[in-house]
Amino acid sequence: MIPSRHPLARGDMWKAAIIWICLAGTAFAGPWPRGKGNHFISASLAYDIGGSGVSPSYYHEMGLSPRTTLILEYSKAFSGGDRVIARLSRSFELDRLNLLVGLTAGAGHVSGDAAGVLGLSAGRDITLLGMSGWASGAVIAEATKAEIVGKGELTLGINARNGAKYYAQVSGTTYLNPAPTISIVRPLWWSPPITYTITRYPPEVRLGLNAAIPIAKKTWLDVGLSRGVQEGGSTRIKLGLWRQF
């Protein structure tokens, strides 16, 4: 498929080819806008074979304008904490690079604490194995009073002729824990009374293979398998539903 110089004005064929870039339940969304009045819903369950249990999630995109999308997210971590986030995503074209860029910002709460979210994504259409496809990347930072969570994701996908979507992902998550230290007696008069010690935990990196299989009109069954690549990384199975309307 020959890329258009105006991604936001592409037809139904192009939209169908690239909008399915989000992993069900993830905090990520690509740069492609949903389109005014259009909706996309994803609900999924992820099961950790290592014994961490089941994590449910819900993800909803609502097109507010040709370039602006409202995103609502809910998920429950394997540790049990709830995550509820609402954010806006705005798309911009880089015509010379045939690239679409998305900026997103929002707020919500994570495990009862107020949270702020800021992210950047980029993507473009590709041809792979004689089929249309897409490549995208995204980074997002999520901050609460307790910690800052940084996440990144790379996605490569193809659109099969039977309507199925097959995509591979590499994702990473890291945590920064800024802990304040209060000094009651300052050894030097210019020493600050409060300093911060930032603890950075090793990132978790996962590799995933996924397939979205059409089961009804504008409805897909989303299945996936992912594995943590670091020592002791667990294997997770994902089962979800996608619905566009």
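Residues numbered from 1 in each chain as written. Predicted model: local features only at pLDDT ≥ 70, side-chain atom pairs only at ≥ 80, totals over all residues. Heavy atoms only, no water.

1. Some words on unusual backbone geometry
A positive phi angle, near 50°, is found at N98, a position not held by glycine. Mapped onto the secondary structure, N98 falls in the loop between β4 (82–94) and β5 (99–110). A relative accessible area of 14% places N98 in the buried class. Unlike most non-glycine residues, L129 shows phi in positive territory, near 55°. What makes L129 exposed here is its relative accessible area of 69%. (Helix = DSSP H or I, 4+ residues; strand = E, 2+ residues; numbered from the N terminus. Buried < 20%, exposed > 50% of the residue type's maximum accessible area, 1.4 Å probe, protein only.)

2. Digging into the nonpolar core
Membership of the largest hydrophobic core is limited to ten residues, which are W32, F40, Y59, I71, L100, W134, Y167, A212, W220 and W242. Counting five residues, the second-largest nonpolar core is a separate cluster that includes V110, A115, V117 and I140. (Core = buried A, V, L, I, M, F, W, Y, C linked by side-chain atoms within 4.5 Å.)

3. A look at the pattern of salt bridges
Any two side chains of opposite charge can pair if their charged atoms end up close together. Scanning the model with the defined rule gives ten salt bridges in all. The salt bridge involving R236 is made with E204; its shortest N-O contact spans 3.8 Å. Here R236, found in strand β12 (residues 235–244), pairs with E204, found in strand β10 (residues 194–216); they are 32 residues apart in sequence, far enough to count as distant. With a shortest N-O distance of 2.8 Å, K238 and D222 are connected by a salt bridge. Of the two residues, K238 sits in strand β12 while D222 sits in strand β11 (residues 219–228), which places them 16 residues apart along the sequence. Both residues of the pair, K238 and D222, count as buried. A cluster of three or more residues bridged by salt bridges with shared partners is formed by D48, E204, R206 and R236. (Salt bridge = Lys/Arg side-chain N within 4 Å of Asp/Glu carboxyl O.)

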